[in-house]
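Summary of the model geometry
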Amino acid sequence: GVYPDFYALLALLKGLRLDGRLGAAFGSYGWSGGAVAKLSAALQDAGLQLVDAGLDVKLVPGPQEAGRCQDFARELASQIRAQSAGGAARTAAAG
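Residues numbered from 1 in each chain as written. Predicted model: local features only at pLDDT ≥ 70, side-chain atom pairs only at ≥ 80, totals over all residues. Heavy atoms only, no water.

Focus: the pattern of salt bridges
Operational definition: Salt bridge, as applied in this entry: a Lys or Arg side-chain nitrogen positioned within 4 Å of an Asp or Glu carboxyl oxygen. Helix and strand definitions follow DSSP, with helices as H or I runs of at least four residues and strands as E runs of at least two, each counted in order from the N terminus.
Counting across every chain of the model gives one salt bridge. The closest approach of N and O atoms between Arg74 and Asp71, which form a salt bridge, is 3.3 Å. Taken as a pair, Arg74 and Asp71 lie in helix α3 (residues 63–94) at a separation of three residues, close to a single helical turn.

Here it is, written out as structure tokens:
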């Protein structure tokens, strides 16, 4: 499940103006998993646009899972940079 402190964070996120911002959920689990899917749904409910369905890894990532984590992080960073560049271009054009 989801670590209880995250529920407070998710409640806070709903009060912010996050519509259209990018987000993603990721984590590791030791028993049943499922937290990433719950967090992804909560991020969408808060208005974030998900970059990916999320990434979860059982226990400590091995070499293959670590590669997946790196690919996930690169894709997230790439999309955030692209969104930031687009926002800067729109601001410059409007100014």
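Describing the pairing of strand β4 (residues 55–58)
In plain terms, the rule: Relative accessibility decides the category of a residue: with a 1.4 Å probe and only protein chains considered, values under 20% of the type maximum give buried, values over 50% give exposed, and everything between is partly exposed. When DSSP finds two or more bridges between a pair of strands, those strands are recorded as paired.
In β4, alternate side chains face the same way, and those of Leu55 and Val57 are buried while those of Asp56 and Lys58 on the opposite face are not. Direction of pairing for strand β2 (residues 26–29) relative to β4: parallel, over a ladder of four bridges. Bridging from a neighbouring strand, Ser28 pairs with Val57 of β4.

Examining helix α2 (residues 35–45)
Our working definition: The arc under discussion is defined with respect to the helix axis, by the directions toward the C-beta atoms.
Every buried residue belonging to α2 is among Ala35, Val36, Leu39, Ser40, Ala42 and Leu43, and all of these are buried. Along the long axis of α2, the arc covered by the buried residues comes to 165°, so they all point the same way. Opposite the buried face of α2, at more than 90 degrees from it, the exposed residues are Ala37 and Asp45. Phi turns positive one or two residues past the end of α2, at Gly47, with a value near 100°.

Topic: the nonpolar core
As a reminder of what qualifies: Here the nonpolar core consists of buried residues drawn from Ala, Val, Leu, Ile, Met, Phe, Trp, Tyr and Cys, with membership extended through side-chain atoms lying within 4.5 Å.
In this structure, Leu10, Leu13, Leu18, Ala25, Val36, Leu39, Ala42, Leu43, Ala46 and Leu48 together form the largest nonpolar core, which totals 10 residues. Those elements that provide at least two residues to this core are α1 (4–14) and α2. If you tally residues by element for this core, the top one is α2, at four residues. Core analysis: the second largest hydrophobic core is formed by seven residues, Val51, Val57, Phe72 and Leu76 among them.

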